[in-house]
Amino acid sequence: MKRDIGLELNTELYQNAFDHAAIGMALVALDGRWIKVNRAWCDMVGYSEQELLSIQDVSITHEEDQKLGEDFVGRTRRGELSQFRLDKRYIHKSGGILWVQLNASAVQNQTGEVQCIFAQLQDITSLKRMEQQYRSLIAYNPAGICSLDRAGIITGVNPSMEAVTGFSEKELVGRSFRSLLMNPDSCPNLPTADKEEELHPSNMEMAVRDKLGRRVELGIKKVPIQIDGRSEGLYLIARDITPDKAAEKALLHIQQDFQEVVRQQQGMTFKFTKKDGKFIHTLCDGELMHRLGLRSEDVVGKDLSRILPAEQVDIKEQYYRRAWEGEEKVQYEGTLNGITYIASLRPIMRDGRVVEVIASCVDITDRKRAEELLRKSDRLAVAGQLAAGLAHEIRNPLTSLKGFLKLIQSKERNQSQFFELMRGELDRIHFIVSEFLVIAKPEAIKLECKKLSDILDDAVAAIKPEALVNQVDIQWTAHPALPIMECSEIQIKQMLLHLFQNAIEAMPGGGVLRIEAGYQSGHAVICIRDNGKGMSEERLKTLGEPFYTTKEKGTGLGLMVCFKIIEAHKGSISFRSKPNAGTEVEVMLPCTEQRDV
C-alpha cells in the first residue's frame with residue numbers, strides 16, 4: 001500500500017480516527033520501535049503513550065511469540081508480505097498475559113520501499129481463554145472425542161480417542177469414521193451425506209477395530225456441531241465399554257448357569273421382594289416346584305394369596321415378614337398337594353437395607369414318612385415289651401380263676417366266696433388291658449382350648465375321697481390367673497389322677513399332698529409333692545418303664561401312660577426324690593399367652 005506518510009500524519013481526519021478508534025492502533029518501525037500509538041492500545045497494555053514510544057515491540061511481547069513476530073516483520077521488510085494477520089501474546093504492565101489479534105499492513109513510500117508497519121490490535125484474551133478451556137476439556141477428557149464433518153470424515157480427535165483406537169491423530173484425520181467399524185452397516189445413523197436428521201443428539205453402541213485388529217466396544221454419545229444455527233458435523237464422545245460388555249456377558253453366563261442349576265436342582269429356590277405392602281415373588285424354579293404342582297409363571301409376579309390356600313397365607317406371611325425385617329435363617333415347614341417341605345429364608349442386604357429375600361426348599365416328605373414309621377416301630381417295640389409283661393401279669397389271675405372254677409365244680413366250699421374272688425381278678429385283667437391299649441393304640445387326640453383351673457379343680461375333687469380314706473390331707477394352691485391350654489381334657493385329667501394316686505399310695509400311713517399350679521415362660525407348671533417314703537436314685541432312672549413298679553399290685557403302666565400323654569401335648573415331666581424324704585413331680589405344658597381370669 002503506497003501512501004505519503006507525512007501527508008497522512010498531518011491530516012486531521014486521520015488523526016481523529018487514529019486517536020479515538022475502539023481498537024488499538026499503532027505505527028511500528030521496522031526495528032520494532034513504537035512510532036505512534038493510540039489511547040485504546042495504551043489502555044490495553046497498561047502503558048502510557050510516552051512509555052510505549054520509548055521501548056520496542058519485542059520488550060512487551062511474550063517470549064514464546066517473539067520469533068514469530070520477527071519472522072513476519074522480516075518478510076514484510078523484504079517485500080514478501082504486504083499485510084499479515086496473527087494472534088500473539090503481549091505482557092501487560094501488571095504482568096498478566098494479553099492476547100491480541102494483530103492485523104498489520106506495510107506502509108510504503110512513493111518508491112515502494114517499506115517505511116513502517118501500520119498495526120490494528122484487538123484484545124482477544126477472553127476468546128483465547130474460552131478456546132483454551134475448550135481445548136483442555138477436549139484434550140484432557142477421559143472419554144474419547146472425535147469430530148466429524150457432515151460427510152462422516154474425521155476432522156479431529158483427542159488423546160483419549162487415540163488411546164482407544166491405537167491410531168494417531170494424523171492417521172485418523174481425513175479418514176471416514178465408518179471405516180473403523182467392525183460392521184459398517186450396523187450404524188446406519190452415522191452421517192454419510194448431507195442429511196440433517198442424522199445430526200441430532202443420540203446414544204448408541206458400536207464396535208470398532210483398533211490398529212491391532214482387536215474388537216473394541218464403544219458407548220457413544222452423538223452431539224451436533226452447531227455453527228450459526230446450522231449443523232456442520234458431529235462430535236462423537238466415546239467410552240470404551242469392552243470390559244463392561246465382557247462383564248455383562250460373563251454375568252449373563254453366570255445367570256444362565258444359575259437358572260439352569262436352580263431348574264435342575266431336586267429342591268426349589270424362590271425369591272421375593274416387598275411392593276405396595278405385599279410380598280411379590282421374583283423367582284421360583286426347581287424340581288420340587290413341579291412336584292408341588294406349580295409352574296414358574298404361577299408364582300413369579302404374584303403374592304402368597306394367589307399361590308397358597310387361604311388358611312396357609314397368614315401363617316407363611318409371618319415367616320416372610322421376619323426375614324424381610326432382617327432375621328437370619330428363618331425356617332418353616334409347609335405342606336402342599338401332599339408334599340411336605342422345609343424352607344429356609346435369608347435376607348439379601350444392600351447398603352444396610354433388605355432388598356430381597358432368597359429361600360431354598362427341600363422335600364422332606366420321605367423323611368417325615370420315615371419318622372412316622374420309626375414312631376410306629378417304637379410303638380410296636382413297646383407293645384412287644386408290654387405283651388411279654390402282660391403274659392406274666394394275666395397268667396397269674398387266670399391261674400387263680402382256673403383253680404376256683406375247679407373248686408366250684410367240686411362244690412366243696414361256699415360258691416359265693418369264689419365268685420367274688422373271680423370277679424376281682426377279672427377286674428384286674430380288665431384294668432391291665434385298658435392301660436395297654438392307651439399305649440398301643442394310635443395317637444388321635446382332639447385338642448381344645450380349656451381352662452387349666454377347671455381341669456385341676458375336677459381332678460382334685462375326683463381324688464379327694466381316695467385321699468380321705470387313706471388319711472391324706474390335700475393342700476391345693478393355684479396362681480390367680482392360670483393360662484388357657486390347648487389340650488385333651490380327658491387325657492390331662494387321666495394323667496393328673498395317675499400322679500395323684502401314686503402320691504397317695506406313697507403315703508400308706510397318711511400324710512400331706514401339696515398341689516401347686518402356676519405360669520412360667522409360656523408354660524403351665526404343675527407341682528405335686530408328697531411326704532411319703534420317696535425313691536432312690538436308681539429307681540428314678542427306671543420311671544416310665546412298663547411293669548417296673550414298687551407297688552404290690554402295680555404294673556408300671558400308669559406312669560408310662562402319663563409320659564405318653566405329656567409327650568403328645570409337647571410338654572415335659574421331671575422327678576425329684578430321696579428315700580424317706582418324699583417325692584416332687586413337676587409337669588410343664590405349653591399354653592397360650594391368654595390367661596384365665
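Quantities reported herein were computed from a predicted structural model and do not represent experimental measurements.

Criteria and thresholds
The numbering scheme is per chain: residues are counted from 1 as the chain's sequence reads. Reporting of local features is limited, given that this is a predicted model, to residues whose pLDDT is at least 70; pairs of side-chain atoms are given and counted only at 80 or more, and all residues count toward the totals for whole chains, interfaces and linings. With hydrogens and water set aside, each side-chain value is computed from the structure's full complement of heavy atoms. Runs of H or I in DSSP of at least four residues are treated as helices and runs of E of at least two as strands, each being numbered from the N terminus. Each residue is placed in one exposure class: buried if its accessible area under a 1.4 Å probe, protein chains only, is under 20% of its type's maximum, exposed if it is over 50%, and partly exposed if it falls in between. In what follows, a contact means two residues having at least one pair of non-hydrogen atoms within 4.5 Å. Methods summary: accessible areas were calculated by the Shrake-Rupley approach with a probe of 1.4 Å, and residue burial reflects only the protein chains presented. Counted as salt bridges are all cases of a side-chain nitrogen of Lys or Arg within 4 Å of a carboxyl oxygen of Asp or Glu. Grid points spaced at 1 Å over the protein atoms alone were grouped into cavities, where a 1.4 Å probe fits but cannot get out, and pockets, open sets with protein on both sides within 12 Å along at least five of seven lines, with lining residues defined by an atom within 4 Å of a point. Grid points are joined across faces, edges and corners, and a volume is the space filled by probe spheres set on the points. Side-chain classes follow a simple rule in which Ala, Val, Leu, Ile, Met, Phe, Trp, Tyr, Cys and Pro form the nonpolar group, Asp, Glu, Lys and Arg form the charged group, and the remainder, Gly included, forms the polar group. Any pair of nitrogen or oxygen atoms within 3.5 Å is treated as a polar contact; in protein, a donor-acceptor pairing is required on top of that, and neighbouring residues in sequence qualify only through side-chain atoms on both sides. Only Phe, Tyr and Trp rings take part, Trp by its six-membered ring, and two of them pair if their centres are within 6.5 Å. Stacked means planes under 30 degrees apart, edge-to-face means over 60, and tilted covers everything else. DSSP bridges decide pairing: two strands pair if at least two such bridges lie between them. Per-residue confidence from the predictor is reported as pLDDT, a score between 0 and 100. Angular values range over 0 to 180 degrees, each being the angle between N-to-C directions of two axes fitted as lines to C-alpha atoms, with helices fitted over their stretch in contact. Put simply, a nonpolar core is a bunch of buried Ala, Val, Leu, Ile, Met, Phe, Trp, Tyr and Cys residues held in one set by side-chain atoms that sit within 4.5 Å of each other. For a helix, the expected span equals 1.5 Å multiplied by the residue count minus one.

With that settled, consider the overall build of the protein. Secondary structure assignment for the protein yields 18 helices and 22 strands. Within the span of the protein, comprising 597 residues, buried residues form 41% of the whole. Taking the intrachain contacts of the protein between residues at least 6 apart in sequence as the baseline, contacts between residues at least 24 apart amount to 52%. As displayed, the protein has an accessible area near 34100 Å², and 51% of this comes from carbon and sulfur atoms.

Side chains that carry opposite charge are capable of pairing whenever their charged atoms lie near each other. One pass over the full model with this rule turns up 35 salt bridges. Linking Arg-321 and Glu-317 is a salt bridge whose minimum nitrogen-to-oxygen distance equals 4.0 Å. Linking Arg-321 with Glu-317, this pair stays in helix α12 (residues 310–324), spanning 4 residues, or about one helical turn. Asp-366 serves as the salt-bridge partner of Arg-369, at 3.6 Å between the closest nitrogen and oxygen. With a gap of 3 residues between them, Arg-369 and Asp-366 both fall in helix α13 (residues 365–410), about one helical turn apart. Residue classification places Arg-369 among the exposed residues on the basis of a relative accessible area of 53%.

Glancing now at empty space enclosed by the protein. Taken as a whole and judged by the stated rule, the model has 1 cavity of 30 Å³ or more. By volume, the largest cavity is sized at about 160 Å³. What lines the largest cavity is a set of 15 residues, among which Met-268, Ile-307, Leu-308, Tyr-320 and Tyr-341 lie closest to the centre. Residue classes in the lining of the largest cavity are distributed as 13 nonpolar, 1 polar and 1 charged.

Turning to the side chain of Thr-365, a few remarks are in order. Among the secondary structure elements, Thr-365 is positioned in helix α13. A relative accessible area of 7% places Thr-365 in the buried class. Side-chain polar atoms of Thr-365 contact the backbone nitrogen of Thr-340, separated by 2.8 Å. The residues contacting Thr-365, other than those within four sequence positions of it, are Gly-338, Ile-339 and Thr-340.

For the rest of this paragraph, the subject is the packing of aromatic side chains. Following the criterion strictly, the structure yields 11 aromatic pairs and no others. A ring pair is formed by Phe-272 and Tyr-320, whose centres lie 4.1 Å apart and whose planes are at 5 degrees; its orientation type is stacked. Separated by 48 residues along the polypeptide, Phe-272 in strand β11 (residues 268–275) and Tyr-320 in helix α12 bring together distant segments of the chain. Using a relative accessible area of 2% as the deciding quantity, one classes Tyr-320 as buried. Each ring, one from Tyr-319 and one from Tyr-332, has its centre 4.9 Å from the other, and the planes form 25 degrees; the classification is stacked.

All right, on to the pairing of β11 then. If a strand is regular, its side chains alternate between the two faces of the sheet. Direction of pairing for β11 relative to strand β15 (residues 353–363): antiparallel, over a ladder of 5 bridges. Each bridged residue has a counterpart across the sheet, and for Phe-270 the counterpart in β15 is Ala-359. Pairing analysis gives 7 bridges linking β11 to strand β12 (residues 278–285), with the strands arranged antiparallel. In the strand pairing of β12, Phe-272 is matched with His-281. What sits between the antiparallel neighbours β11 and β12 is a turn of 2 residues, in which Asp-276 has the positive phi angle 55 degrees.

Turning to the confidence of the model for the protein, a few remarks are in order. Per-residue pLDDT for the protein averages 81, and the proportion of residues at 70 or more is 78%. Across the protein, the element-wise mean pLDDT spans from 49 in helix α1 (residues 5–9) up to 93 in helix α3 (residues 39–45).

This part covers the sheet that holds strand β10 (residues 230–240). Judged by pairing direction, the sheet is antiparallel, and its 5 strands sit side by side in the order β7-β6-β10-β9-β8 without closing on themselves. Each of the sheet's edge strands pairs with one partner strand only, and the pair in question is β7 (154–157) and β8 (202–209). Taking each pair of neighbouring strands and ignoring which way they run, the sheet shows an average axis angle of 30 degrees. Two strands pair when backbone bridges link them, and strand β6 (residues 144–149) and β10 are joined in this way by 6 bridges, in the antiparallel orientation. Its bridge partner lying in β10, Gly-144 is registered against Ala-238.

Turning our attention to the sheet that holds β15. Across the sheet, 5 strands lie side by side as β12-β11-β15-β14-β13; this open sheet has antiparallel pairing. Each having just a single partner strand, β12 and β13 (330–336) make up the two edges of the open sheet. Within this sheet the neighbouring strands show an average axis-to-axis angle of 30 degrees, counted without direction.

A separate point is the nonpolar core. With 41 residues, the main nonpolar core has Met-495, Leu-496, Leu-499, Leu-513 and Val-587 as its most contacted residues. Residues contacting Leu-513, with those up to four places away along its chain left out, are Val-472, Asp-473, Ile-474, Gln-475, Phe-500, Ala-503, Ile-504, Met-507, Ile-528 and Arg-529. Membership of the second largest hydrophobic core comes to 28 residues, among which are Leu-292, Val-357, Ala-359 and Cys-361.

Further remarks concern the pairing of strand β3 (residues 83–91). Where β3 meets strand β4 (residues 97–108), 9 bridges bridge the pair, whose relative direction is antiparallel. What sits directly across from Arg-85, in β4, is Asn-103. Where β3 hands over to β4, the hairpin turn is made up of 5 residues, of which Gly-95 adopts a positive phi near 105 degrees.

A rise of 1.5 Å per residue sets the reference length of α12, with its 15 residues, at 21 Å; its end C-alpha atoms lie 21 Å apart and thus fit the reference within 8%. Every buried residue of α12 is listed here: Gln-312, Val-313, Lys-316, Tyr-320, Ala-323 and Trp-324. Immediately downstream of α12, the backbone of Gly-326 shows phi near 105 degrees, a positive value.

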